[in-house]
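# Structural overview for review
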Amino acid sequence: MAIKPESLIRPEILDLKAYHVPPARGMVKLDAMENPYGLPEDLQREVGAIAGEAALNRYPDPGAGALKARLREVLALPRGMEVLLGNGSDEVIQIIALACAKPGAVILSVEPTFVMFRMIATFAGTGYVGVPLREDFSLDAEATVAALEAHRPAVVFLAYPNNPTGNLFDEQAMERIIESAPGLVVVDEAYHAFAGASFLDRLARFPNLLVMRTLSKLGLAGLRLGLLAGRGEWIEQFEKLRLPYNVSTLTQAVAERVLGRGDVLADQAAAIRREREALFSTLQGIAGVTTYPSRANFILFRVNRADDVFRGLKSHGVLIKNLHGSHPMLAGCLRVTVGTPEENGLFVAALGKCLAETRAA
Ligand code: PMP
């Protein structure tokens, strides 16, 4: 008799729904916090040449020495701190979770937040605690500190700015949590380029702090490169779980080159921040839309009949993210990534039509 998945696979994995990525071909794609601008032509040509010359018959440099040196300089990594590289920051989260997954270990975050914290805790077989944010999505320091005492988590993940809410948590509240945590606190700065705030320079002050970054939102989502910065004593342990060639030859070479032209991605991030402010005020002016302030490259907003509005936008060729139904605090919420001025214009026009259609229906 054939073996069934039910008899072999862990029940918590059987219960999981795979991370859903909807098809987006031909759509105005504003669902995944990508940078809408490609690389300038001269840099594209250089990238082409780098790919052509790369020794693809050989395994990548396992230590990614050249790329790490570039990252140290671009990130202005504080002296004495080390870096772990991952195939996206998702992989970094997984490495941390696997390393800390002692029997009975707990991972803690807030909710609503980035869903992979919970999912990866499940992959790693740890417990998971999500402490609700306040109604305005600010950090509830009292409730979080109480949860730290009650659950003694091995790791706390805090996204700064938070996804999907877009806000930066209060610095003092974050520090209180870092000081009270019995284990590690990983500050996930995926949206750093749009935030103008960071915990990187506090690594020396807090021995249990780690800071995570990614190149995905900055403009290199297709390369898959995430990183963790922190004290050598932690990075050294996590390195043991990193699969030997997790960062490909092409990723290493292209990321190193593009980061060497730091102005390009920094200018694009500045343009995205300007567009975020323009889109925010436009959305604020639309009746029936409640908009939440954002320090990231996306905006969370609330409407009536969010499912209908989301479907309507899709039928007008605009793909955003529907969060309605994903968490009670996100009832009626949709999240739009800041695109080019043209894309944002198409989104706003389509949103106007959908809101009118749902009101009329
Ligand atoms: N952290 C946060 C808060 C995110 O929103 C995302 C992507 N949506 C990630 C990490 C993962 O990014 P990547 O794996 O592309 O580096």
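Residues numbered from 1 in each chain as written. Predicted model: local features only at pLDDT ≥ 70, side-chain atom pairs only at ≥ 80, totals over all residues. Heavy atoms only, no water.

## Details of the site of the ligand
Taken together, 13 residues surround the ligand, and among them Asp188, Tyr191, Thr214, Ser216 and Arg224 come closest. For the ligand, an oxygen atom lies 3.1 Å from a polar atom in the backbone of Asp90. Here a nitrogen atom of the ligand and a side-chain polar atom of Asp188 are 2.5 Å apart. Alone, the ligand offers 400 Å² of accessible surface; in the complex the protein occludes 93% of this. In this structure, the ligand is accommodated by the largest pocket. (Near = heavy atom within 4 Å. Polar contact = N/O pair within 3.5 Å; in protein donor to acceptor, adjacent residues only side chain to side chain. Areas by Shrake-Rupley, 256 points an atom, 1.4 Å probe, with all protein chains shown as cover. 1 Å grid on protein atoms, 1.4 Å probe; cavity = no way out; pocket = protein on both sides within 12 Å on 5 of 7 lines; lining within 4 Å. Sits in = over half its atoms within 2 Å of the grid points.)

## Concerning empty space enclosed by the protein
As enumerated under the stated definition, the model contains one cavity of 30 Å³ or more in all. When its volume is computed, the largest cavity comes out at roughly 60 Å³. The wall of the largest cavity is formed by 14 residues, among which Pro62, Gly63, Ala64, Arg242 and Asn246 lie closest to the centre. Residue classes in the lining of the largest cavity are distributed as seven nonpolar, three polar and four charged. (Points joined across faces, edges and corners; volume = space filled by probe spheres on them. Nonpolar A, V, L, I, M, F, W, Y, C, P; charged D, E, K, R; others polar.)

## As for the packing of aromatic side chains
Under the counting rule described, the total for this entry stands at seven aromatic pairs. For Arg202, the ring lying beneath its charged end belongs to Phe199, and the centroid distance is 3.9 Å. (Phe/Tyr/Trp six-rings, centres within 6.5 Å; stacked < 30°, edge-to-face > 60°. Lys NZ or Arg CZ within 6 Å of the ring centre and 35° of its normal.)

## Describing the sheet that holds strand S6 (residues 184–188)
On the basis of which strands lie adjacent, the open sheet formed by seven strands has the order S2-S8-S7-S6-S5-S3-S4 and mixed pairing. The open sheet has two edge strands with one neighbour each: strand S2 (81–86) and strand S4 (127–132). Looking at each pair of strands side by side, their axes are set apart by 25° on average, direction ignored. Two strands pair when backbone bridges link them, and strand S3 (residues 106–111) and S4 are joined in this way by six bridges, in the parallel orientation. Across the sheet, residue Val110 finds its bridge partner in S4, namely Val131. Strands in contact with helix H4 (residues 65–75) are S2, strand S7 (209–214) and strand S8 (226–231); relative to S2, the strand with the most contacts, it is inclined by about 120°. (Pairing = 2+ DSSP bridges. Helix = DSSP H or I, 4+ residues; strand = E, 2+ residues; numbered from the N terminus. Axes fitted to C-alpha atoms, helices over the stretch in contact; angles between N-to-C directions. Contact = heavy atoms within 4.5 Å.)

## Looking at the nonpolar core
Of all hydrophobic cores here, the largest spans 63 residues; its most connected members are Leu67, Leu85 and Leu139. Listed in part, the 36 residues of the second largest apolar core include Val28, Val289, Phe310 and Leu351. (Core = buried A, V, L, I, M, F, W, Y, C linked by side-chain atoms within 4.5 Å. Buried < 20%, exposed > 50% of the residue type's maximum accessible area, 1.4 Å probe, protein only.)

## With respect to the packing of helix H13 (residues 306–315) against helix H14 (residues 341–360)
Contact geometry of H13 with H14 gives a least axis separation of 9 Å together with a crossing angle of 130°. By the angle class used here, H13 and H14 are oblique. Handedness of the crossing formed by H13 with H14: right-handed. Counting all contacts with H13, which are made through Asp308, Val309, Gly312 and Leu313, the residues of H14 involved are Phe347, Ala350, Leu351, Cys354, Leu355 and Thr358. Each residue belonging to the contact of H13 with H14 can be placed in one class, and the counts come to seven nonpolar, two polar and one charged. (Parallel < 35°, antiparallel > 145°, perpendicular 65-115°, else oblique. Left-handed = near helix turned anticlockwise from the far one by under 90°.)

## Observations regarding the packing of helix H5 (residues 89–100) against helix H6 (residues 115–124)
Look at H5 against H6: their axes get within 9 Å of each other, and the N-to-C directions meet at 45°. Looking at the two axes, H5 sits oblique to H6. The hand of the H5/H6 crossing is right-handed. Contacts from Asp90, Ile93, Gln94, Ala97 and Leu98 in H5 reach Met116, Phe117, Ile120, Phe123 and Ala124 in H6. When its residues are assigned to classes, the contact of H5 with H6 shows eight nonpolar, one polar and one charged.

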